[in-house]
Amino acid sequence: MQHPKAKMDEIKTKFMDLLHKQTNRQMKIPAMGFSEYFIQSVTAETAGALAITKSDQVDAASETLDKSTQQSSDQEILESIDKIYYDVDCDIQMYELQKVLENGVDFQLIDNTMAQLRIQHKVLSKQVLQNILEQRSACNTEFCAINETQKELEESLWTCRKARSYLKYAKTNLTETSLEILASYRKREILKDLLNTLNEIKKLKSTDVEVQKLLNEFNYSGAISLLLTCKDSAEGYMEYNCVQSLNKKLQETLLLTEFQLDTVLNEMILNFDARKYAKLQEAYKLLGKSLIAMDQLHINFISAIHSSVNSVLRAYNDPNMDENVKYLYEQYCEQVAVDKFIPCLISLCKTFWTILASYFQIVIWHQNYKLYSLDLEDSPDLYIQQKLKKGQSRIWNDIITKIYIFLQSSKLKMLKYDQFIQVLSIIQRLKKVGIEFCGEQSDKLIETMHMQSEEFFQRYHSSCLEEICLFLDNESWTVVDSFANILQLPEFRAVRHTLRRHKTPPVVLLTSTSVNNSPISNNNCDELVSVHSQDGNSSIYGSYGYFLRFSEKSSPFDGGLDVAMLEEDILSGIVDEASCYFSEESDDEPKSMQSKCDEDGSNNQLIVNNTTLNVFRCIGRYLQMCKLLHCISPKIVSSMLELLDFYGFAVHEIFGKDAAVQMDKFYASRLEQKLQATQQNVVSTVKCWPLNFSSLINNELANPDTLYGLSQRVVAIESGHCMTRQFQTLKNYLNHLLPPNERQMLDNYFSYIDFMSDIARPVFTCVTSRIIDLPAILNLISKVKWDVNHVSFQHNSYIDIMNRNIQHFAMRLEEIAKEVTLPTEPLWNSVAHVATHLLVEGFSNVKKCSAGGRALMQLDFTNFMSLLELISTLKFPEHRSYVDGFIKAYYFSNEQFEEWIETQKNLEQYSAKQLTNLIQCVCVSDKRTRQKLLSLLGNANNLNTSTTST
């Protein structure tokens, strides 16, 4: 029977031959590469001006050829095709070009050739289609034949399988059964013949079987005891050759058993089993090799550390690396990719944990079980205890050295923030493992992380400033909805409970000494963790928390390491009051906790924008790093303060420099110092500063229809207020994070935490200084006749203009208040400040003024202030006294006026120009007094000051 596969191949061959079969003759299809587009391109290059004539000629030639070819058959046309078209490697285009351009450019020849090629192509396509249609029925017939053949093959296959199943059944039930019966019978006969021979050595033989059985059951002590007993029994039968052979075999079995003991002892390093280990120690005791076994165990632990780290690193290196080449451990570390750095570190920690957990359980086992009698003077148990104690430090130092080298690789500097925080959390856990394992503080490892953390945080802080710049550059200065408290941000999740606890001072305050009154070193990166981790009274799990909670099969580095470790409370489980830490994992009722945190009513929606929200997020991430690394807490807290100052500086730069008046003396000294310090220490480090705010300044801040961007200015200022108020809730916690000698920095900052109020003054003045046309009002005041004898009951016209400006401003405020909550008091205070200083400036420019003029000034001012207080519903005693004092100085006697001038010179309430003009106006007829007062003022030679002062 022909094989089905061969049959199918034959059918496929026939089918392909049928498809390639041609009727009547072997016809080839030419390669038509001569396109009309190419003809048009050549024609355009040679005769572009005759394009229209050429087209007509082509059409005419085509019609002529069509008529001439109607009389010739398709077969003749096909035979007229040049043989060169059947050559695949031939360049048809160049062939046709050479043929028509051989005797120059003949347009009639080109047209005729194109028409002839079209007809040949048409006839050829028609013939090809006809051949395809002719072969279609044959193809369908062949497919039907294939289907029938396939059905026949399936039936044949089914028949073969059925026949083979019958043959197999016959073989199983007849042939094999018979052979097995015969073989069994033969074996039974042989055993009968040997039975008498083996009776004498039956017991010794059964001993060997029993030994193997005990070894399979891991009963090593029983097997060794049986082997030793059997060897003693065999000494009396050495004259028999079989016994000699058996004795030799027993000796070999004993050696193999010792080798197997060493193998199982090595398995205890990565997979400790107390039952197996107890049997191992009993076996070594019978052999008298307990001390040798302990030395070998330590060698195996050290070897396991070195071999396991290399295997872990090879798994995270390039799979295409040559396995035959042996690399150093440092080279393996450098070849780990950045995206595999943290998984590799976790794998290393898990591997080390397995080794440490096994060693720890071995230590515990030897503490609970004694191999030898305590009455012995030099008991081997004492040596074992000392060996295990020294081995703890050595094993831990080897592990720390491996981790230290791994962390020294350049990959750590390339990690992102969340990844670096995760590394810190892993190292914290590893450090606690070391403390619990052997009491080691791992200072070398922590010092490395200290240096790495400082470098990383410096880069990260710069990136945060750049990120804030990006937000500032794209800020719309609108309110973000549904923000009530910083604790609702995910960045604060890891410290929510701690922040709530530190909302009020803790019951027990941390001091600068540890529990045992020993000073805490500031160089230790986590002295708080170190102290409380070793305090058995303050830990739920005692001094071996991790080793009680986990085994060699589970580790502190298991489960959700990419997410859970970022939110891990490093001091989870420590309930000592001094630590001030609680677990962050029990946040199951965020609403109730939020209400507890917001007892002061701060859970109403606050005014924040995207930039301040991003500042909050940066602060939350900074707090996470503070929680993991106390040693750089001063640097981190200082960077938080820089974020706040940078936001205030940016708001001032954007919204506080387009005022219509000069504000040289407008700033508080503390604000000037803060802005200058921020410029030098923070802004100078930002590469992308200054930002491009030209669009905002030109569109919004210069638009009178929007009150010069008042809503944007209010959002910027109020968001800053919200930022500083929310930051104040962190004060107690930040004090807890800082060492006592660093807390003065924070106290100094909080003494001027309300710097946004001082920034608001120039920002709002940029709006209020434009609601009144200051030069126009000054011009109108200068035109008023102030040397009148009688006081009129009607105020001057410039007051009406100012009043209308104030009324218009109030209406605009009502419209803007629908969009954003306005701080009315600072705004109206700014209006009062600008207006009163405008009036004083105008009054100081008066050259001649009588008592009636002064009364008229008082009338104008009273009318304006009455309307201002009525519209604003506020009182402005400071601004009222400012103008009243200037007007009433006219009525002082010479002695009082001189005393007043001297007082104002020290107070600097009025400008030197204003006081000078006042002296000249009051003492217009008393030259001696005027010269005396001017010399007292120290401004006699500086009378040309004309700037407007605010």
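Residues numbered from 1 in each chain as written. Predicted model: local features only at pLDDT ≥ 70, side-chain atom pairs only at ≥ 80, totals over all residues. Heavy atoms only, no water.

*Asks:* Please give an account of the overall build of the chain that cites residues and values.
*Replies:* Helices and strands together make up the secondary structure of the chain, namely 36 helices and zero strands. Each of the 950 residues in the chain was classed as buried or not, and the buried ones make up 45%. Considering only contacts within the chain whose residues lie at least 6 apart along the sequence, 80% involve residues at least 24 apart. A total accessible area of about 50600 Å² is found for the chain, and carbon and sulfur atoms account for 52% of it. (Helix = DSSP H or I, 4+ residues; strand = E, 2+ residues; numbered from the N terminus. Buried < 20%, exposed > 50% of the residue type's maximum accessible area, 1.4 Å probe, protein only. Contact = heavy atoms within 4.5 Å. Areas by Shrake-Rupley, 256 points an atom, 1.4 Å probe, with all protein chains shown as cover.)

*Asks:* Lay out unusual backbone geometry in plain terms, naming residues and giving numbers.
*Replies:* Omega for the peptide link from Trp 689 to Pro 690 comes to 5°, which places this bond in the cis form. Along the polypeptide, Pro 690 turns up in the loop between helix H23 (669–681) and helix H24 (694–699). Despite not being glycine, Leu 707 shows a phi value in the positive range, around 55°. Inspection of the secondary structure puts Leu 707 in the loop between H24 and helix H25 (710–728). For Leu 707, a relative accessible area of 4% gives the class buried. Unlike most non-glycine residues, Glu 908 shows phi in positive territory, near 55°. With respect to the secondary-structure elements, Glu 908 resides in the loop between helix H34 (894–907) and helix H35 (912–922).

*Asks:* I'd like to hear about the side chain of His 298, residue by residue, with values.
*Replies:* Assignment of secondary structure puts His 298 in helix H11 (residues 290–316). Among the polar contacts listed, one links the side chain of His 298 to the backbone oxygen of Met 294, at a separation of 3.0 Å. Every residue in contact with His 298, bar those within four places of it in the chain, is listed here: Tyr 359, Lys 387, Leu 388 and Gly 391. (Polar contact = N/O pair within 3.5 Å; in protein donor to acceptor, adjacent residues only side chain to side chain.)

*Asks:* Go over the nonpolar core with me, naming the residues and quoting the values.
*Replies:* In this structure, Ile 403 and Trp 689 are the most contacted members of the largest nonpolar core, which totals 223 residues. When residues in this core are grouped by element, the largest group, 17 residues, is from helix H13 (residues 341–368). (Core = buried A, V, L, I, M, F, W, Y, C linked by side-chain atoms within 4.5 Å.)

*Asks:* An account of the packing of H25 against helix H28 (residues 755–768) is needed here, citing residue identities and associated values.
*Replies:* Relative to each other, H25 and H28 sit at 175°, their axes nearing to 10 Å. In terms of orientation, H25 lies roughly antiparallel with respect to H28. Facing H25, whose interface residues are Leu 710, Arg 713, Val 714, Ala 716, Ile 717, Gly 720, His 721 and Thr 724, H28 presents Phe 755, Met 756, Ser 757, Ile 759, Ala 760, Val 763, Phe 764, Cys 766 and Val 767. In terms of residue class, the contact of H25 with H28 is made up of 12 nonpolar, four polar and one charged. (Axes fitted to C-alpha atoms, helices over the stretch in contact; angles between N-to-C directions. Parallel < 35°, antiparallel > 145°, perpendicular 65-115°, else oblique. Nonpolar A, V, L, I, M, F, W, Y, C, P; charged D, E, K, R; others polar.)

*Asks:* Explain the pattern of salt bridges to me, using residue names and the numbers behind them.
*Replies:* In total, this model carries 14 salt bridges according to the counting rule given. Note that Arg 617 is salt-bridged to Glu 491, the shortest N-O span being 4.0 Å. Highlighted residues: Arg 617 in helix H21 (residues 610–628) and Glu 491 in the loop between helix H16 (443–473) and helix H17 (496–501), separated in sequence by 126 residues. Its relative accessible area of 27% is what places Arg 617 among the partly exposed residues. Assessed through its relative accessible area of 12%, Glu 491 is described here as buried. The residue Asp 658 makes a salt bridge to Arg 713 at a minimum N-O spacing of 2.7 Å. (Salt bridge = Lys/Arg side-chain N within 4 Å of Asp/Glu carboxyl O.)

*Asks:* Outline a negative patch on the surface, listing residues and values.
*Replies:* Residues Glu 148, Glu 152, Glu 154 and Glu 155 make up a contiguous surface patch of negative charge. Along the polypeptide, Glu 155 turns up in helix H6 (residues 107–198). (Patch = residues over 30% accessible without salt bridge, like charges linked within 9 Å, V, L, I, M, F, W, Y side chains within 5 Å. Lys, Arg positive; Asp, Glu negative; His and termini not counted. Charge placed at Lys NZ, Arg CZ, Asp CG, Glu CD.)

*Asks:* Requested: an account of H13, with residues and values cited.
*Replies:* Residue pairs spaced three or four apart in an α-helix point in one direction, given the helix's 3.6 residues per turn. Helix length check: H13 (28 residues) gives 40 Å between terminal C-alpha atoms against 40 Å at 1.5 Å per residue, within 8%. Across the 28 residues that make up H13, a large majority, 22, are buried. (Expected span 1.5 Å × (residues − 1).)

*Asks:* Provide a residue-level description of the packing of aromatic side chains, including the pertinent values.
*Replies:* On inspection of all chains with the given rule, the structure shows 25 aromatic pairs. Plain terms: the ring middles of Phe 457 and Tyr 622 are 4.9 Å apart, the flat faces sit at 65° to each other, and that makes the pair edge-to-face. Note that Phe 457 is positioned in helix H16 and Tyr 622 in helix H21, a separation of 165 residues in sequence. Judged by its relative accessible area of 0%, Tyr 622 falls in the buried class. Ring geometry for Phe 897 versus Trp 900: centroids 6.2 Å apart, planes at 15°, classification stacked. In this pair, Phe 897 and Trp 900 both sit in helix H34, three residues apart, roughly one turn of the helix. Ring pairing ties together the aromatic residues Tyr 882, Phe 886, Phe 892, Phe 897, Trp 900 and Tyr 910, which thus form one cluster. Note that Lys 444 overlies the ring of Tyr 404, its terminal NZ or CZ placed 4.4 Å from the centroid. Over the face of the ring belonging to Phe 755 we find Lys 674, whose NZ or CZ atom lies 4.8 Å from the ring centre. (Phe/Tyr/Trp six-rings, centres within 6.5 Å; stacked < 30°, edge-to-face > 60°. Lys NZ or Arg CZ within 6 Å of the ring centre and 35° of its normal.)

*Asks:* With reference to specific residues and values, describe the packing of helix H14 (residues 380–407) against H16.
*Replies:* One way to put it is that H14 packs onto H16 with a least axis distance of 10 Å and a crossing angle of 15°. On the basis of the axis angle, H14 is roughly parallel to H16. Crossing geometry of H14 relative to H16 is assigned as left-handed. In contact with Ile 400, Ile 403, Tyr 404 and Leu 407 of H14, H16 contributes Lys 444, Leu 445, Thr 448, Met 449 and Gln 452. Counted by class, the contact of H14 with H16 contains six nonpolar, two polar and one charged residues. (Left-handed = near helix turned anticlockwise from the far one by under 90°.)

*Asks:* Residues and numbers for H21, please.
*Replies:* The end-to-end C-alpha distance of H21 is 28 Å, a good match for the 27 Å that 19 residues give at a rise of 1.5 Å each. Of all 19 residues in H21, 17 are buried, a share of seventy percent or more. Between the side-chain oxygen of the N-cap and the backbone nitrogen of Thr 611 there are 3.1 Å, and the N-cap of H21 in question is Asn 609.

*Asks:* Run through the environment of Cys 469, naming residues and quoting values.
*Replies:* Tracing the sequence through the fold places Cys 469 in helix H16. For Cys 469, a relative accessible area of 1% puts it in the buried group. Residues Cys 469 and Pro 690, 221 residues apart in the sequence, show an inter-C-alpha distance of 9.0 Å. If we skip the residues at most four places from it in the chain, Cys 469 touches Phe 646, Val 686, Cys 688, Trp 689 and Leu 691.

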